[in-house]
Amino acid sequence: MTLVMKFGGTSVGSAQAMRETAVLIQQAQKEWGSVVVVASAMGSKPVKVTDLLLRGAYSAAAGDGETYKRVADELRQVHFEAIDGLLIPEGERQQIMGENGQFISRFEDLCQAVRVLGELTPRALDAISGMGEQMSVRILAAYLRQIGFAAEAVDATELIVTDNNFQAAMPSLPRTKSKTRVRVQPLLDKGAIPIITGFIAATEQGITTTLGRGGSDYSAAILGQALQADEVWIWTDVDGVMTTDPRLVQNARSIPVLTYREVSELAYYGAKVLHPKTIRPCIENDIPLRIKNTFNPAHSGTVIVPDDGNGKGGIKAVTAIKHLSLITVEGKGMMGVPGIAARTFGAVAHEDVSVLLISQASSEQSICFATPDESTEQVIQALEREFAKELQRQDIDRIWAQHDVSIVTVVGAGMRGTPGIAGRIFTVLGAQETNIIAIAQGSSECSISMVVGGDDTGTAVSEIHALIA
Ligand code: ASP
Ligand code: MG
C-alpha cells in the first residue's frame with residue numbers, strides 16, 4: 001500500500017516540528033509499507049520562507065540592494081538553527097549545512113542579477129521562490145536518516161514535468177508518470193522514504209517552474225496520481241474541514257466525510273484547507289484524500305471521497321465571505337436585449353476583479369453580482385464606461401452598489417433530493433429578522449449562497465450552523 005503525505009510549512013517549521021513530523025512518517029511507514037513525503041518550505045509564523053524569498057526578489061527588482069541580503073541572513077538563521085537542533089555535529093550536519101548554504105548564496109546571486117537587470121521575470125521568480133522546498137526536504141531527509149530511516153531528498157524538478165507557464169505551471173501527466181515511476185518506485189521498492197519538494201516542478205528542458213502559491217498540496221495529488229497511491233494525506237493544523245469557521249461559531253466541528261464536489265464548493269468559498277487544484281487528480285483516479293491535524297494525529301480528520309453514498313441528509317458546512325459589495329445593473333430597457341450580461345462581466349473581468357456570486361431575475365430587469373468591497377468604485381466606473389450609451393438612452397436606469405455585504409454559503413451534496421432545506425434555512429433567518437439580499441444556488445444543488453448585510457453575517461452563520469445534524 002502506498003501513502004502520499006504532504007506536510008505544510010508549520011510541520012517543518014523548526015527542529016521540534018520536524019521531529020514530530022518524523023514520528024508521523026515513522027508510524028505511517030509501519031502501517032502502509034510505502035510512504036512518500038511531500039514537504040513545503042519551512043514556514044512557522046511569522047516567518048514563511050517562501051514569503052521571504054519573494055520579498056528578497058521583489059525588493060531587488062525595485063533596485064534595493066540591502067533587503068535581499070538581510071533576507072539571506074534570516075534564511076541562514078532559520079535553516080541553520082533547524083539543522084543545529086536536529087543533526088549531531090558530525091557527518092551529515094556539515095553536508096546539509098553546506099547544501100543549504102549554497103542555496104542561500106544562489107538566492108543572493110539571483111537577487112543581485114535581478115537588481116542589476118531591474119527586471120524580475122516569472123521564470124526568475126520561480127527559480128527563487130522554489131528554493132525553500134529544496135532546503136527543507138534536505139534537512140528533513142537527513143534527520144530521518146539520522147534516526148535510522150533510509151530517506152532520500154528528491155527535487156520534484158526531476159519528477160513533475162510542466163509547461164512553461166511560470167508561477168502557475170500545468171503538469172503533463174504522461175511525462176510526470178513515467179519520470180516519477182522511474183525515480184521514485186525503486187526507492188519505495190527498497191523500503192526507502194522519498195522526501196519530495198512540494199510546489200516546484202520543471203519544464204521538459206529542466207527549467208524550474210512552480211505550481212502556484214500553496215501548490216504543495218497539488219504536488220502531493222500529482223505524485224499520488226503518478227504513483228497510483230492508495231491515499232493522499234494533507235497534514236495541516238486543524239482537524240480537517242470544519243462545519244464552519246470556529247472564529248464565527250464556537251461549536252464548529254470537523255466533518256468526517258465530504259465528497260469532492262462539496263469540498264470544491266468550500267474551497268471556492270474560501271475555506272483555506274486545500275489548494276483547489278488538489279482535488280482533480282484525486283477524483284480522476286478515485287484516490288481518497290484525507291486532511292489531518294499534526295497537532296492531533298489520532299483524530300481521523302476529514303476524508304474526501306468521490307461519493308459518500310449519502311443521497312439525502314443535508315447541510316454539512318456553512319461558510320461566509322465578508323467585505324463584499326453587491327453591484328446591480330438595472331433598467332427596464334435591458335429586457336430581452338442579448339449581450340448585457342456578457343458585456344457586464346467582460347467589463348468586470350477587464351478590471352481583473354473576481355465575481356463571487358451572480359444572480360439575475362427572470363424579468364431580466366437587473367443583474368446583480370458580488371465583488372470584493374475594495375474594487376467597487378473601479379467596477380462601477382468600468383460599467384458606466386461600458387454602458388455609457390445605454391445609460392444615456394435610459395435602457396439602463398442605474399448601476400449601483402450595496403456596500404459591506406457577505407456571502408453565506410451552505411454546502412451539502414445531500415441537499416439535492418432533500419426538499420425543504422432551503423425553506424428551513426430561510427425560516428431560521430426570517431426568525432432572526434435577517435434580511436436576505438440575494439440568493440444563488442449552484443446547479444449541482446450542492447450549495448446555496450445568500451447575500452446578507454455585513455452586520456448579519458455572524459448570526460446568519462450560527463443560526464444555519466445550528467441546523468447541521
Ligand atoms: N511554499 C509554497 C508557498 O508558500 C507552497 C506551499 O507551501 O504549499 O506558497
Ligand atoms: Mg497550504
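Here the structure is shown first, and the text comes after it.
Residues numbered from 1 in each chain as written. Chains lettered and ligands numbered in written order. Predicted model: local features only at pLDDT ≥ 70, side-chain atom pairs only at ≥ 80, totals over all residues. Heavy atoms only, no water.

Enquirer: Which parts of the structure should I look at to understand the overall build of the protein?
Expert: The secondary structure content of the protein amounts to 15 helices and 17 strands. Relative to the compact-globule value of 23 Å for 469 residues, the protein shows a C-alpha radius of gyration of 25 Å, a close match. Considering only C-alpha atoms, the protein reaches an extent of 80 × 55 × 40 Å along its principal axes. Evaluated residue by residue, the protein yields a buried proportion of 52% over its 469 residues. Within the protein, residue pairs in contact and separated by at least 24 positions form 75% of the contacts whose partners lie at least 6 positions apart. Taking the average location of the 41 positive side-chain charges in the protein and that of its 53 negative ones, the two points are 4 Å from each other. (Helix = DSSP H or I, 4+ residues; strand = E, 2+ residues; numbered from the N terminus. Rg over C-alpha atoms; globule rule 2.2 N^0.38 Å. Buried < 20%, exposed > 50% of the residue type's maximum accessible area, 1.4 Å probe, protein only. Contact = heavy atoms within 4.5 Å. Lys, Arg positive; Asp, Glu negative; His and termini not counted. Charge placed at Lys NZ, Arg CZ, Asp CG, Glu CD.)

Enquirer: Is there a simple way to think about the site of ligand 1 in this case?
Expert: The environment of ligand 1 is made up of Ser40, Lys48, Thr50, Glu133, Phe199, Arg213, Gly214, Gly215 and Ser216. The contact in question runs from an oxygen atom of ligand 1 to an N or O atom on the backbone of Ser216, over 3.0 Å. Protein contacts shield 93% of the accessible area of ligand 1, which totals 260 Å² for the unbound molecule. Grouping the amino acids of the shell around ligand 1 by side-chain chemistry returns 1 nonpolar, 5 polar and 3 charged. (Near = heavy atom within 4 Å. Polar contact = N/O pair within 3.5 Å; in protein donor to acceptor, adjacent residues only side chain to side chain. Areas by Shrake-Rupley, 256 points an atom, 1.4 Å probe, with all protein chains shown as cover. Nonpolar A, V, L, I, M, F, W, Y, C, P; charged D, E, K, R; others polar.)

Enquirer: What am I meant to see in the nonpolar core here?
Expert: Within soluble globular proteins, side chains that are nonpolar tend to cluster in buried spots. Among the nonpolar cores identified, the biggest contains 55 residues, and Met5, Phe107 and Ile195 are the most heavily contacted of them. Ranked by the residues each element gives to this core, the list is headed by helix H6 (residues 131-146), at 9 residues. Filtering out sequence-adjacent residues up to four positions away, Met5 remains in contact with Leu24, Ile25, Ala28, Val35, Val36, Val37, Val38, Trp233 and Trp235. Ranked by size, the runner-up nonpolar core spans 41 residues in total, among them Val4, Ala156, Ala192 and Val263. (Core = buried A, V, L, I, M, F, W, Y, C linked by side-chain atoms within 4.5 Å.)

Enquirer: Looking at this model, I keep getting lost on the packing of helix H7 (residues 173-189) against helix H8 (residues 216-226). Mind explaining?
Expert: Each pair of packed helices can be described by the angle between their axes along with the distance between the axes. It is the contact of H7 with H8, at a shortest axis distance of 9 Å, that shows an interaxial angle of 75°. Between H7 and H8, the crossing angle belongs to the class labelled roughly perpendicular. For the pair formed by H7 and H8, the contact residues are Leu173, Thr176, Lys177, Thr180 and Arg181 on the first element and Ile222, Leu223, Gln225 and Ala226 on the second. Tallied by class, residues from the contact of H7 with H8 come to 4 nonpolar, 3 polar and 2 charged. (Axes fitted to C-alpha atoms, helices over the stretch in contact; angles between N-to-C directions. Parallel < 35°, antiparallel > 145°, perpendicular 65-115°, else oblique.)

Enquirer: Even after reading the chapter, I still don't get the sheet that holds strand E7 (residues 208-210), so can you show me in this structure?
Expert: The pairing of strands in a sheet comes from backbone hydrogen bonds and takes either a parallel or an antiparallel form. Across the sheet, 3 strands lie side by side as E4-E6-E7; this open sheet has mixed pairing. Strands with a single pairing partner mark the edges of an open sheet, and in this sheet they are strand E4 (161-162) and E7. (Pairing = 2+ DSSP bridges.)

Enquirer: What should I look at first to understand the sheet that holds strand E12 (residues 317-330) in this one?
Expert: Overall, antiparallel pairing links the 6 strands, which are arranged E13-E14-E12-E15-E17-E16 in an open sheet. The two strands at the open ends of the sheet, each matched to only one other strand, are strand E13 (357-360) and strand E16 (436-441). Neighbouring strand axes in the sheet, compared pairwise and without regard to direction, differ in orientation by 30° on average. Bridge analysis of strand E15 (residues 398-411) against strand E17 (residues 447-453) gives 7 bridges, and the strand direction is antiparallel. Pairing of Ile407 across the sheet is with Val451, part of E17. Relative to the sheet, helix H11 (residues 340-350) contacts E12, E13 and strand E14 (366-372), its axis offset from that of E14 by approximately 15°.

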